[in-house]
Amino acid sequence: MTKKEFFELVQKFENGQCTEQEENILFQYCNDVQAKDFLLSDKEQTRIRLLKRILSSINNPKIDQVRPKRRIFWYAAAVIIGLITSGYLYLLLSPGLDTPPANMITLEHEDGRIEILTEHESKSVLDESGNVVRQQQGAQLTYDKSEASNELVYNTLTIPYGKRFILNLSDGTKVHLNAGTSIKYPEQFITGKKRQVFINGEAFLDVAKDSIHPFYVNMKGVNVKVLGTQFNVSAYPEDETTEVVLVEGAVNFFDAEKGDENATLLEPGFKASFNKGDREITAAQVVTNIYTAWMKGELVFRNMTFKNIMKKLERHYDVIIVNDNIALSDKLFNASFGNEPLESVLEDFKRNYAIDYQIKGNIISIK
């Protein structure tokens, strides 16, 4: 089935014109389609969670007990159509994927096993010799250093929208992970090899000093090289830029295609931005605590476009925001919030900027 045929079938279903067989085909295809079949962009791929949430709600046995399944699926299809027409449906599920709940913190092991982490548990994992490999204390995961390891074994930790987490790597580096972020990292760093992690999303890193083993943060298309420092990276695939804000120390920020010989050296108090379109790097002095406020659950917007504010609110509150007031998209706003509920934030925008909104479940419509 092509992308065009798929959307035509969804449209037909939304209009109530599908046969039962066509409904089954549509439902099955939603689960089996491969993203590469539709040639979706990186920006589109980051929104897989939206469709996962809709499909998981369809299969929720508690909901099925309340309403007929056909009615539930009709409602979900209508939501899908709304997201398509608003530009909010970006990715379909991979075939055969045993998907954990979309709002869970997951730890994927190199062998493909997926472990769900809850923020209220405490546990330790031991190796065959009884030594502690890693331990979890609430929303913090810590790896102990082991001298026995001689190969890189990578894990991937994924934080869903609406949650934050702390990862302590085996070298002593501390990584604060913001909502909607994933990090691929080795269980143990190896002597003689560079320290290297891969990040999609936003993180604040306090890198353990080790002049012999430089630390690299790989974000798609751009890298950061450090010896030991504190900095914030923002590399959400759907954003137009990748940013690094240096709090302490020094970092080299460079285009992965050009190599670190063409790196931009940052000083504390500066932000470097990599434009994904023209692949240019620019730097400017900033107030760093604006960019690190998220670690305390705060939201600070300074000269930020409305469309980017909406993205941040989606991640922070784990909601879907559909902006029907397109004229607002590129307007700049300034605002600061603590740990207020989402409705308080929306009310503030309504009061100060005459923006109206409507809430239906976890979907917010901006008028």
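Residues numbered from 1 in each chain as written. Predicted model: local features only at pLDDT ≥ 70, side-chain atom pairs only at ≥ 80, totals over all residues. Heavy atoms only, no water.

**Q** What is the right way to look at the overall build of the protein chain in this model?
**A** Helix and strand content of the protein chain: 9 helices and 23 strands. A total of about 18,400 Å² of accessible surface is found on the protein chain, and carbon and sulfur atoms cover 48% of it. (Helix = DSSP H or I, 4+ residues; strand = E, 2+ residues; numbered from the N terminus. Areas by Shrake-Rupley, 256 points an atom, 1.4 Å probe, with all protein chains shown as cover.)

**Q** Just to check I follow, could you spell out the pairing of strand E11 (residues 215–219) for this structure?
**A** One face of the sheet, then the other: side chains in a regular strand alternate in exactly this way. By the criterion of burial, E11 is predominantly enclosed, with 5 of the 5 residues buried. Burial along E11 is two-sided: the face carrying Phe215, Val217 and Met219 and the face carrying Tyr216 and Asn218 are both buried. The sheet contact formed by strand E10 (residues 195–206) and E11 spans 4 bridges and is parallel. Paired with glutamine 196 across the strands is tyrosine 216, a residue of E11. Relative to strand E12 (residues 222–226), E11 is paired through 5 bridges, and the arrangement is antiparallel. Note on E12: the bridge partner recorded for asparagine 218 is asparagine 223. In this structure, the hairpin formed by E11 and E12 is closed by a connection of 2 residues, where glycine 221 is found at a positive phi of approximately 95 degrees. (Buried < 20%, exposed > 50% of the residue type's maximum accessible area, 1.4 Å probe, protein only. Pairing = 2+ DSSP bridges.)

**Q** So what exactly am I meant to see when it comes to the sheet that holds strand E20 (residues 320–323) here?
**A** The pairing of strands in a sheet comes from backbone hydrogen bonds and takes either a parallel or an antiparallel form. One open sheet holds the 3 strands; their spatial order is E20-E23-E22, and the pairing between them is mixed. Both edges of this open sheet fall to E20 and strand E22 (357–360), since each of them pairs with a single strand only. Adjacent strand axes in the sheet meet at a mean angle of 20 degrees, parallel and antiparallel pairs treated alike. Bridging between E22 and strand E23 (residues 363–366) involves 4 bridges; their strand directions are antiparallel. (Axes fitted to C-alpha atoms, helices over the stretch in contact; angles between N-to-C directions.)

**Q** What's the story with the packing of aromatic side chains in this structure? I'm lost.
**A** Given two aromatic rings, their pairing is described by the distance between the two centres and the angle made by the two planes. For the structure on display, the rule yields 10 aromatic pairs. Between phenylalanine 333 and tyrosine 353, the ring centres sit 4.7 Å apart and the planes meet at 90 degrees, which makes this aromatic pair edge-to-face. With phenylalanine 333 in strand E21 (residues 332–337) and tyrosine 353 in helix H9 (residues 342–353), this pair connects stretches of sequence that are 20 residues apart. A centroid spacing of 6.0 Å and a plane angle of 35 degrees characterise the contact between phenylalanine 337 and phenylalanine 349, whose relative ring orientation is tilted. Remark: phenylalanine 349 occurs in helix H9 and phenylalanine 337 occurs in strand E21; sequence separation between them is 12 residues. Exposure class is identical for phenylalanine 337 and phenylalanine 349. Each is buried. By the ring-pair criterion, three or more aromatic residues cluster together here, those being Phe301, Phe306, Phe333, Phe337, Phe349 and Tyr353. Seen from the ring of tyrosine 154, lysine 184 lies directly overhead, with NZ or CZ sitting 5.3 Å from the centre. Sitting above the plane of the tyrosine 236 ring, arginine 315 keeps its charged end 3.4 Å from the centroid. (Phe/Tyr/Trp six-rings, centres within 6.5 Å; stacked < 30°, edge-to-face > 60°. Lys NZ or Arg CZ within 6 Å of the ring centre and 35° of its normal.)

**Q** Please explain the confidence of the model for the protein chain as it appears in this structure.
**A** One rule of thumb: low pLDDT means the predicted coordinates there are not for detailed reading. In this model, the protein chain carries an average pLDDT of 81, and 74% of its residues clear a pLDDT of 70 or more. Across residues 33–37 the pLDDT falls below 50, and counting only partners more than four positions away or on other chains, this stretch makes 10 contacts in the model. Counted against residues more than four places away or in other chains, residues 40–72, with its pLDDT under 50, gives 67 contacts. (pLDDT = per-residue confidence, 0-100. Contact = heavy atoms within 4.5 Å.)

**Q** Would you take a moment to explain the packing of helix H8 (residues 306–317) against H9 for this structure?
**A** For any two helices packed against each other, the geometry comes down to the angle between their axes and how far apart the axes lie. It is the contact of H8 with H9, at a shortest axis distance of 11 Å, that shows an interaxial angle of 165 degrees. Compared by their axis directions, H8 and H9 come out roughly antiparallel. Crossing of H8 against H9: the hand is right-handed. Across the interface between the two elements, Phe306, Ile309, Leu313 and Tyr317 from H8 touch Leu342, Val345 and Phe349 from H9. Grouping the constituent residues of the contact of H8 with H9 by class yields 7 nonpolar, no polar and no charged. (Parallel < 35°, antiparallel > 145°, perpendicular 65-115°, else oblique. Left-handed = near helix turned anticlockwise from the far one by under 90°. Nonpolar A, V, L, I, M, F, W, Y, C, P; charged D, E, K, R; others polar.)

**Q** Just checking my understanding: could you explain H8 for this structure?
**A** Because each turn of an α-helix spans 3.6 residues, side chains separated by three or four positions in sequence point in the same direction. In a regular helix each residue adds 1.5 Å, so 12 residues correspond to 16 Å; H8 covers 16 Å between its end C-alpha atoms and thus fits that length. Among the 12 residues that make up H8, 9 are buried, leaving the element largely enclosed by the rest of the structure. Residues of H8 that are buried: Phe306, Ile309, Met310, Lys311, Leu313, Glu314, Arg315, His316 and Tyr317. Residue aspartate 318 follows H8 closely and has a positive phi angle near 55 degrees. (Expected span 1.5 Å × (residues − 1).)

**Q** Please explain the pattern of salt bridges as it appears in this structure.
**A** A side chain of one charge can pair with a side chain of the opposite charge when the charged atoms of the two come close. One pass over the structure, following the stated rule, counts 18 salt bridges. With a shortest N-O distance of 2.8 Å, arginine 279 and aspartate 255 are connected by a salt bridge. Placement of the pair is arginine 279 in the loop between strand E17 (270–275) and strand E18 (281–285) and aspartate 255 in strand E15 (residues 251–255), with a sequence separation of 24 residues. Judged by relative accessible area, arginine 279 falls into the partly exposed class, the value being 23%. For aspartate 255, a relative accessible area of 3% gives the class buried. Taking the shortest distance from any N to any O, the salt bridge between lysine 367 and aspartate 324 comes out at 3.6 Å. Here the residue lysine 367 occupies a position in the segment after E23, and aspartate 324 occupies one in the loop between E20 and E21, the gap between them amounting to 43 residues. Using a relative accessible area of 42% as the deciding quantity, one classes lysine 367 as partly exposed. One salt-bridge network, held together by shared partners, links Glu115, Glu121, Lys123 and Arg134. (Salt bridge = Lys/Arg side-chain N within 4 Å of Asp/Glu carboxyl O.)

**Q** Where do I start with the nonpolar core in this structure?
**A** Nonpolar side chains tend toward joint burial in soluble globular proteins. Membership of the largest hydrophobic core comes to 36 residues, with the highest contact counts inside it found for Leu157, Leu167, Tyr185, Leu205, Val224 and Phe231. Top contributing element to this core by residue count: E10, with 4 residues. Dropping the residues within four chain positions of it, leucine 157 is found in contact with Ile105, Thr106, Leu107, Leu117, Phe165, Leu167, Leu177, Thr181, Ser182, Ile183 and Tyr185. By size, the runner-up hydrophobic cluster in this structure holds 22 residues, among which are Leu299, Phe306, Ile321 and Leu342. (Core = buried A, V, L, I, M, F, W, Y, C linked by side-chain atoms within 4.5 Å.)

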